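Each chain, written out:
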Amino acid sequence: MKRLLTEISQCSICKKHLPFVPRPILQAGPDARIIIIGQAPGLKVQQSGKPWDDASGKKLREWLGVDDETFYNSKKIALVPMGFCYPGKGASGDLPPRPECAPQWHKLLLTAMKKVEMTILIGQYSQKYYLGDKAKENLTETVKAFKNYLPEYFTLPHPSPRNRFWLLKNKWFEKEVIPLLQKKIKMVLK
């Protein structure tokens, strides 16, 4: 695992498409019990080098019901984005994750983490990649159908502040899904 993480830290396969020098950002360890597969680091995370070190990460930790110490413990939780580097700014938020990272590195990472009991897919990019044609027609429907993907995957929307309107329109999510998510997290991390 150590060698693999070193290789990833030196990755530059999408260098010509990035606004900054490549800086792959992830957290993984061979003993991780939960893998969270998100989108790509935002600008703040690109600058800090710490995964989910922003408002989205704070909201995600609330949803999971875990503190920073638990969240940033690679023996408990792996944080693996679809794209490891900040992809740049688009017209309405950050650009999508670069498509090179997941095919290049995910299988190797997942194979090295043999104690995983739960994989959380955050946002449409990870859900389309891992669920394939089992994903529903849109993110809302895929998240509503989260029980269909258990026990292998737990589907969530992105916890970005930009999604506050989605959360307001879909009150069922925080009432029905979050309590079940927190219960499952507690069982896995006990």
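Residues numbered from 1 in each chain as written. Predicted model: local features only at pLDDT ≥ 70, side-chain atom pairs only at ≥ 80, totals over all residues. Heavy atoms only, no water.

## Considerations on the overall build of the protein
- Along its length, the protein carries 10 helices and six strands.
- Compactness check: the protein gives a C-alpha radius of gyration of 16 Å against a globular reference of 16 Å for 190 residues, within 12% of the reference.
- Looking at the protein alone, contacts between residues at least 24 apart form 72% of all its contacts between residues at least 6 apart.
- Entry remark: accessible area of the protein is about 10,300 Å², with carbon and sulfur atoms responsible for 51%.
- Between the centroid of the 32 positive side chains of the protein and the centroid of its 17 negative side chains there is a distance of 1 Å. (Helix = DSSP H or I, 4+ residues; strand = E, 2+ residues; numbered from the N terminus. Rg over C-alpha atoms; globule rule 2.2 N^0.38 Å. Contact = heavy atoms within 4.5 Å. Areas by Shrake-Rupley, 256 points an atom, 1.4 Å probe, with all protein chains shown as cover. Lys, Arg positive; Asp, Glu negative; His and termini not counted. Charge placed at Lys NZ, Arg CZ, Asp CG, Glu CD.)

## Digging into the packing of aromatic side chains
- With the rule as written, the count across this model stands at nine aromatic pairs.
- Taken together, a centroid distance of 5.0 Å and an interplanar angle of 70° make the contact between Y129 and Y130 edge-to-face.
- Residue class for Y129 comes out partly exposed when judged on its relative accessible area of 40%.
- Judged by relative accessible area, Y130 falls into the buried class, the value being 17%.
- In textbook terms, an aromatic cluster arises when at least three aromatic residues are bridged by ring pairs, as seen for W63, W166, W172 and F173.
- For K50, the ring lying beneath its charged end belongs to Y72, and the centroid distance is 4.3 Å.
- Taking the ring centre of F71 as reference, the NZ or CZ of R61 above it sits at 5.0 Å. (Phe/Tyr/Trp six-rings, centres within 6.5 Å; stacked < 30°, edge-to-face > 60°. Buried < 20%, exposed > 50% of the residue type's maximum accessible area, 1.4 Å probe, protein only. Lys NZ or Arg CZ within 6 Å of the ring centre and 35° of its normal.)

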